[in-house]
Amino acid sequence: MKTQPYHLKRILGIGFGLAVVVGGTIGVGILRMPAIIAKDISNPYFFISLWVIGGLITLLGAFIYAELGTRFPLAGGAFVFAEKAFGKAGGFFTGWSDWIVNAGAISYLAIASGEYLNTLIGLDLPVRFSSAAVIIIFAAMQWQGIR
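What counts, and where the lines are drawn
- Residues numbered from 1 in each chain as written.
- Predicted model: local features only at pLDDT ≥ 70, side-chain atom pairs only at ≥ 80, totals over all residues.
- Heavy atoms only, no water.
- Helix = DSSP H or I, 4+ residues; strand = E, 2+ residues; numbered from the N terminus.
- Polar contact = N/O pair within 3.5 Å; in protein donor to acceptor, adjacent residues only side chain to side chain.
- Contact = heavy atoms within 4.5 Å.
- Phe/Tyr/Trp six-rings, centres within 6.5 Å; stacked < 30°, edge-to-face > 60°.
- Lys NZ or Arg CZ within 6 Å of the ring centre and 35° of its normal.
- Axes fitted to C-alpha atoms, helices over the stretch in contact; angles between N-to-C directions.
- Left-handed = near helix turned anticlockwise from the far one by under 90°.
- Nonpolar A, V, L, I, M, F, W, Y, C, P; charged D, E, K, R; others polar.
- Expected span 1.5 Å × (residues − 1).
- Salt bridge = Lys/Arg side-chain N within 4 Å of Asp/Glu carboxyl O.
- Buried < 20%, exposed > 50% of the residue type's maximum accessible area, 1.4 Å probe, protein only.

**Student:** Where do I start with the side chain of S131 in this structure?
**Tutor:** Within the secondary structure, S131 is located in helix 4 (residues 127-144). In terms of polar contacts, S131 uses its side chain to reach the backbone carbonyl oxygen of V127, at 2.7 Å. Not counting residues up to four positions away in its chain, the partners in contact with S131 are A110, I111 and G114.

**Student:** Mind showing me how you'd approach the packing of aromatic side chains here?
**Tutor:** Taken as a whole, this structure holds six aromatic pairs when the rule is applied. Through pairs of rings, three or more aromatic residues link up here, namely F92, F93, W96 and W99. A cation sits over an aromatic face here: R128 above F129, 5.2 Å from the ring centre.

**Student:** What exactly am I supposed to notice about the packing of helix 3 (residues 78-121) against helix 4 here?
**Tutor:** When two helices pack together, their arrangement is given by the angle between their axes and by how far apart the axes lie. Running from N to C, helix 3 and helix 4 cross one another at 115 degrees; their axes reach a closest spacing of 8 Å. The two elements helix 3 and helix 4 cross, and the hand of that crossing is right-handed. Only V127, S130, S131, V134 and I135 of helix 4 make contact with helix 3, whose side of the interface consists of I106, A110, I111, S113, G114, E115 and N118. When grouped by side-chain class, the residues that make up the contact of helix 3 with helix 4 number six nonpolar, five polar and one charged.

**Student:** Honestly, helix 2 (residues 44-71) in this entry has me stumped. Any pointers?
**Tutor:** The periodicity of an α-helix, 3.6 residues per turn, causes residues three or four positions apart to be oriented the same way. Its 28 residues place the ends of helix 2 41 Å apart at the C-alpha level, agreeing with the 40 Å of an ideal helix rising 1.5 Å per residue. N-cap assignment for helix 2: the residue whose side-chain oxygen lies 2.9 Å from the backbone N of Y45 is N43.

**Student:** Would you explain the pattern of salt bridges in this entry?
**Tutor:** Side-chain pairs of opposite charge can arise where the charged atoms are in close proximity. A complete count under the given rule lists one salt bridge for this structure. Its salt-bridge partner being E83, residue K88 comes within 3.7 Å of it at the nearest N-O pair. Under the relative-accessibility criterion, E83 is labelled partly exposed at 26%.

See below:
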């Protein structure tokens, strides 16, 4: 496969990319958050309207990222967009904040997966151990690479 300079190899394809985006959007958050929000909201119409508004905001964000990705087809995501808009300092801070947010998301995913894993297997392990195991397993899989 011939690659152009400064471009990533296209190994995974659009189907994998869509699966990652949909999985990340729907993922663990949709399994845990509705119950947390619903316990504080007594009106079911208000609860549904919050989900509709959140969905519309998410859709708007997806449109913005799609437009920016088309305008700046470079690797780096939000870092590239912030650097183009705000200079190197904006890109730097966006890159760091993106890393922190992703670390938090991985932690949340690991905790929820650890809780579900304990329930599914019927174990009574502390969640920190099963969560750490989830992170180690996924890190080992990623370490192996795509191929």
